[in-house]
Structure formats: C-alpha cells, structure tokens
Amino acid sequence: MTEPEARRPVPPTGAEHVIAAHGYRAVVTEVGAGMRALTFRDRPLVMSYPEGKPPVGGAGQLLLPWPNRVRNGRYDADGETRQLAITEPRTGNAAHGFTRVLPWTVLDAADDSVRLGLRLFPQPGYPHVLDLTASYALGEAGLEVEVSAVNVGEGVAPYGMGAHPYLTLGEDAAPETGHGTEHGTGHGAVDEAVLELPAAEWAPVDEQQIPVGRRTVEGTEYDFRAGRRIGGVVLDTPFTNLERDSGGRVRARLRTADGSRGVELWGGPGIEWLQVFTGDTLAAPYRRSGVAVEPMSCPPNAFATGECLLRLAPGERAAHRWGITALPADGA
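Residues numbered from 1 in each chain as written. Predicted model: local features only at pLDDT ≥ 70, side-chain atom pairs only at ≥ 80, totals over all residues. Heavy atoms only, no water.

- Under an unreviewed UniProt entry, the name given to the protein is Aldose 1-epimerase, and the organism recorded is Microbispora amethystogenes.

Written out as structure tokens, the structure is:
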C-alpha cells in the first residue's frame, strides 16, 4: 500500500456497487445495503446524494427489522418490557431499525444485479439473530428489490420491513464519464408534481410521529387516489388500505403536470403501508425536492401495537418485494 492510498479516507457509505441494464443504472452501498442513486437514460428517478457523503434524510436506506418509529423505544415481548436505543432524540423514539448503519457483504454480483447479506446479531432491546438479504436487479421493467429475513436464533422475533426511496421528476442530467450521472439530486418542485396514491385510509400522528387511529381519505387533502397536484400539502403521513392490481401489487406514481415524464413505485404482497414524506424538514437544496414513498410491511410503532407485525419463529423466513419504474408520457 502506497502512502497516498493509506491516507485515502473511507467513505461513510463504504464500497459502492454499480449495476446497469436496459437504460437503468443503480448504485448500491455497502453500508446499509442502501440505494444511493437510480437513473433511467441519465434521468434521476430518486433523490440521490453525492458520492463520499452520508445519506440525506434516510435517502435510499433499508429499514430493518422495523420501519419508522417505536414510541420511546419500548415494547413488550415474551412477558417482558424491552428498551431499544433512542436514535431519534427529537421525538424520543427508536427509529428505522439497526441495519442502515451496518456493513453488508456481497453474496452475488453481476452486471445487472447485486445481492448483499448481513447477519444481525442481538442488539439492545432485540435479543434475536436474523440472516438478512437484499437483492437489487435491473430489467426492462426497471428496478426490483427483494428483502428477506430468516430467524436463525432462538425465540420468536418481531419483524417488519421498510425502505426509504425519494421519488423525483429530475430533469435529464449530463453524462458523467460515459455512465451518466448517478449523483444528480434530481431536484424538482414537489408542489408542481402530480401524486397518484391508491390508499383509502391515512393515519394522523401525534407529536412523536406515532399514529393515533385511522381515517378515510375521502374529502380530505390526503386523497390522491385519482392523482392530483401536491401543491402546498405537507406530508409525513402513513397510508394504508391499499388498492392492488390483479397481480397483487400496489402502485404509487409521481408525474409532471403534462405527463411528459414520471416514476412509479410498486410494492408486492405484504407491503401493507406507504409512508409519504414531502421532505419539508430537509435542508436546502433537498427540501421538497423529492417525495419519499416508503413501502412498509407494518405501520409506525408496530413493535408496540402488533399491527401488521410479523413474528418469525426459529427457521422461519419472510420476504418482501418492491421496485421502481420510469414512466413515459401519460404513464403508458
């Protein structure tokens, strides 16, 4: 190792894995098995962040073994009260699981796909061992992600899956070293974007961002079922009662007002909730530059409430799929 190599700093997201096919290009990180960037013919489909920097607002991260928040980090299991580390001091909650800050190992890699794995050992408040995998693959229909978990320890493990991509309507970006830019932020005005969200219910939240019941979207500013301009609506909101297509997938779409370009996020069976966040708390230039549409298997605070929570017995496996597709004119 030469002296300059020895002094080269290690980026906070670790090694990067680039995959490309059918006009799509994705960058997946070692830390958290997160997605730093996704483009289609050089057009950003997600809000990315620069190489060598940490994720902005959780961009592209996987949220395991629970998505969103656990109130005060406390929940009951096996006849005892468990205490998770408080990782969101602002709300006093345990947020977004453990694995987004841990290094994952490449299990398989090809030009158009990469599969990473992590053995999650017991953490404070979570005395379980899980074998986790995250597979990213690019095809004609865009990106498909599969996240799986196997309980390889003792006892029944509570489990939920989430992911944190920010959809964007970014303009085409200039090519970079022949590959296209992977770190154009895709910044565009959220206010002018048209959001289509097939959810019949939303969950109001309290000061800790924890749901306090469910309400119909009918007649409210949260009704995006037919697709409409976001305007000044501020969202950091869980949605459920999702409409699915004949294949069991829920499809959320973000489009320009004229339909000239768009992006779709789909979630397969087991994706029961979508958290939608318009990025109002992010610093410039990321504020309201993308819309996080977060596929989740369970709602916030599921460890405490048990709602939609999976309980993996020893040897049991759970898998969830979601993906992102570029939309042409009129979403055809």
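**Some thoughts on the pattern of salt bridges**
Opposite charge on two side chains allows them to pair when their charged atoms are near.
Inference 1: Evaluated as defined, the whole model comprises 25 salt bridges.
Inference 2: Each of E196, D245, R251, R253, R255 and E264 takes part in one network of salt bridges that share partners. (Salt bridge = Lys/Arg side-chain N within 4 Å of Asp/Glu carboxyl O.)

**Considerations on the pairing of strand β13 (residues 142-151)**
Across a regular strand the side chains alternate sides, sitting on one face of the sheet and then on the other.
Inference 1: By the criterion of burial, β13 is predominantly enclosed, with eight of the ten residues buried.
Inference 2: Here strand β12 (residues 130-139) pairs with β13 via ten bridges, running antiparallel. Paired with G139 across the bridge in β13 is G142.
Inference 3: Between β12 and β13, which pair antiparallel and follow one another directly, the connecting turn spans two residues.
Inference 4: Here β13 pairs with strand β27 (residues 317-327) via eight bridges, running antiparallel. Looking at β27, one finds that E144 is bridged to G323. (Buried < 20%, exposed > 50% of the residue type's maximum accessible area, 1.4 Å probe, protein only. Helix = DSSP H or I, 4+ residues; strand = E, 2+ residues; numbered from the N terminus. Pairing = 2+ DSSP bridges.)

**Quick notes on the side chain of D280**
Inference 1: Looking at the secondary structure, you find D280 in the loop between β24 (273-277) and β25 (291-296).
Inference 2: There is a polar contact of 2.4 Å between the side chain of D280 and the side chain of T278.
Inference 3: With near-sequence residues (within four places) excluded, D280 lies in contact with V234, L235, R287 and R288. (Polar contact = N/O pair within 3.5 Å; in protein donor to acceptor, adjacent residues only side chain to side chain. Contact = heavy atoms within 4.5 Å.)

**Here we look at the sheet that holds strand β3 (residues 35-40)**
Backbone-to-backbone hydrogen bonds join strands into a sheet, with any given pair of strands oriented parallel or antiparallel.
Inference 1: Across the sheet, four strands lie side by side as β1-β2-β3-β4; this open sheet has antiparallel pairing. Two strands close off the open sheet at either side, each with one partner strand: β1 (16-21) and β4 (43-44).
Inference 2: Sheet analysis places β1 next to strand β2 (residues 24-29), joined by six bridges and oriented antiparallel. Its bridge partner being in β2, E16 is matched across the sheet by T29.

**Some details on the packing of aromatic side chains**
For any pair of aromatic rings, the description rests on two quantities: the centre-to-centre distance and the angle between the ring planes.
Inference 1: Enumeration according to the criterion identifies nine aromatic pairs in this entry.
Inference 2: Measuring from ring centre to ring centre gives 5.0 Å for W66 and F98, while their planes differ by 85 degrees; the resulting arrangement is edge-to-face. Of this pair, W66 sits in the loop between β5 (62-63) and β6 (69-70) while F98 sits in the loop between β9 (94-95) and β10 (105-110); the two residues are 32 residues apart in sequence, bridging distant segments of the chain.
Inference 3: Classification of F98 as buried rests on a relative accessible area of 12%. (Phe/Tyr/Trp six-rings, centres within 6.5 Å; stacked < 30°, edge-to-face > 60°.)

**Description of unusual backbone geometry**
Inference 1: Residue L64 is joined to P65 through a cis peptide bond whose omega torsion reads 0 degrees.
Inference 2: Between A284 and the following residue, P285, the backbone shows a cis peptide bond with an omega angle of 5 degrees.
Inference 3: Structurally, P285 can be placed in the loop between β24 and β25.
Inference 4: Phi angles above zero are rare outside glycine, and R288 is one such case at about 50 degrees.
Inference 5: Along the chain, R288 falls in the loop between β24 and β25.
Inference 6: Looking at R288, the relative accessible area reads 9%, which means it is buried.

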